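# Structural overview
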Amino acid sequence: MDISVVVPLYNEAESLPELTAWIERVMRENGFTYEIIFMNDGSTDNSWEVIKQLSGKNSCVKGICFRRNYGKSPALNTGFRHVKGDVVITMDADLQDSPDEIPALYKMITEEGYDLVSGWKKKRYDPLSKTIPTKLFNATARAVSGIKNLHDFNCGLKAYRRKVVERIEVYGDMHRYIPYLAKNAGFTKIGEKVVQHQARKYGTSKFGLNRFVNGYLDLGTLWFLSKFGVKPMHFFGLLGTLMFLLGFVSVVIVGAMKLYNMHAGNPYTLVTDSPYFYLSLTAMILGTQLFLAGFVGELVSRNAAGRNDYEIEEELL
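Residues numbered from 1 in each chain as written. Predicted model: local features only at pLDDT ≥ 70, side-chain atom pairs only at ≥ 80, totals over all residues. Heavy atoms only, no water.

## What about the pattern of salt bridges?
We count it as follows: The rule for a salt bridge is simple: a side-chain nitrogen of Lys or Arg has to be within 4 Å of a carboxyl oxygen of Asp or Glu. Helical segments are the DSSP runs of H or I of at least four residues, strand segments are the runs of E of at least two, and each set is numbered from the N terminus. For each residue, the accessible area found with a 1.4 Å probe, counting protein chains only, is set against the maximum for its type, and the residue is called buried under 20%, exposed over 50%, and partly exposed in between.
Counted according to the given criterion, the structure contains ten salt bridges. Glu 35 is paired through a salt bridge with Lys 62; the nearest N and O atoms lie 2.8 Å apart. Of the two residues, Glu 35 sits in strand 2 (residues 34-40) while Lys 62 sits in strand 3 (residues 61-65), which places them 27 residues apart along the sequence. On the basis of relative accessible area, Glu 35 is assigned to the buried category, the value being 0%. The class for Lys 62 is partly exposed, based on a relative accessible area of 29%. Of the charged contacts in the structure, one is a salt bridge between Lys 193 and Glu 101, with a shortest N-O distance of 2.6 Å. Residue Lys 193 is found in strand 7 (residues 190-194), and its partner Glu 101 is found in the loop between strand 4 (87-90) and helix 4 (102-110); the two are separated by 92 residues along the sequence.

And the structure:
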């Protein structure tokens with residue numbers, strides 16, 4: 001099979017027939033063998049009934065229905081486990097992503113050798129309340145991930161070589177960082193294509209400022225896991241050691257100052273009367289706790305299942 005199209009959706013019943021017909025037309029005109037997998041993420045409207053009707057008319061249309069709303073990442077991750085196509089296309093169900101982009105995306109994967117191609121909605125039809133946070137978010141994601149050539153990490157329209165989706169796990173709200181997940185999995189040939197962005201025709205946007213805030217928190221988590229996930233002592237141990245040494249040196253200085261004043265006959269106070277003494281002790285205690293946290297993290301990492309599972313591209317044995 002040439003292409004699997006994975007479409008996560010939540011309450012998009014109105015747009016599904018039009019989107020399906022659009023995808024079918026593009027596939028037919030280009031002679032692709034394909035499947036469409038609709039991931040119904042616990043919709044409260046009649047989206048699932050529409051999907052069943054569409055599947056009855058076209059055997060290429062498939063669907064998976066969650067019992068409740070889990071989020072876009074679980075929907076994508078589950079869809080990725082069921083794809084059969086050599087190239088996997090993801091797009092949103094709100095008709096803002098154009099299926100006409102599929103042939104060019106397919107060509108970039110199969111002929112130009114990209115592992116992943118992300119769409120870039122260079123000209124958007126969203127309000128400023130969405131576009132400005134999106135620009136800030138993408139600038140931060142580029143700096144942290146090191147993927148400098150991507151302008152729109154969160155674009156729903158993406159193309160993947162199938163082995164990419166087989167080797168990444170999209171959890172929580174990490175769908176925003178799929179290119180970063182792919183890079184961490186060893187797929188470094190990541191490209192971008194300017195795609196058409198269409199104004200929403202049906203329904204309402206699911207975007208909210210809470211997603212913007214959560215996006216930064218998820219980015220921090222992903223950065224930490226990619227850098228120190230298998231070696232937590234390198235982070236906590238180093239930070240804890242530095243903090244303990246700072247506290248220890250500070251205690252020595254406080255004690256030395258008292259001894260000096262006693263020897264010189266200058267007025268002096270008890271060490272315990274100095275606020276710097278307690279700040280120093282606090283730094284030493286925090287440093288010890290951070291070091292122990294790194295040690296415990298190392299124990300967990302060393303005993304984790306699959307700790308020595310490494311992705312092998314080719315073998316000559």
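From this point, the discussion proceeds with the structure in view.
## What to know about the confidence of the model for the protein chain
Condition: A residue's pLDDT is the confidence the predictor assigns to it, expressed on a 0 to 100 scale.
Model confidence for the protein chain is summarised by a mean pLDDT of 88, while 90% of its residues fall at 70 or above. Within the protein chain, the element-level pLDDT minimum falls on helix 8 (residues 209-228), averaging 75, and the maximum on strand 4, averaging 98.

## Side note on the packing of helix 9 (residues 233-264) against helix 10 (residues 275-302)
Worth spelling out the cut-off: Only the stretch in contact is used when a helix axis is fitted, and all axes are lines through C-alpha atoms; the angle between N-to-C directions ranges over 0 to 180 degrees. Working definition: roughly parallel below 35 degrees, roughly antiparallel above 145 degrees, roughly perpendicular at 65 to 115 degrees, and oblique for all remaining angles. Left-handed describes a crossing whose near helix is turned anticlockwise from the far helix through less than a right angle; right-handed describes the clockwise counterpart. Under the scheme applied, nonpolar residues are Ala, Val, Leu, Ile, Met, Phe, Trp, Tyr, Cys and Pro; charged residues are Asp, Glu, Lys and Arg; polar residues are all the others, including Gly.
In contact at an axis separation of 7 Å, helix 9 and helix 10 are set at 160° when each is read in the N-to-C sense. As far as their axial angle goes, helix 10 and helix 9 are roughly antiparallel. The handedness of the crossing between helix 9 and helix 10 comes out as left-handed. Partitioned by chemical class, the residues of the contact of helix 9 with helix 10 number 18 nonpolar, nine polar and one charged.

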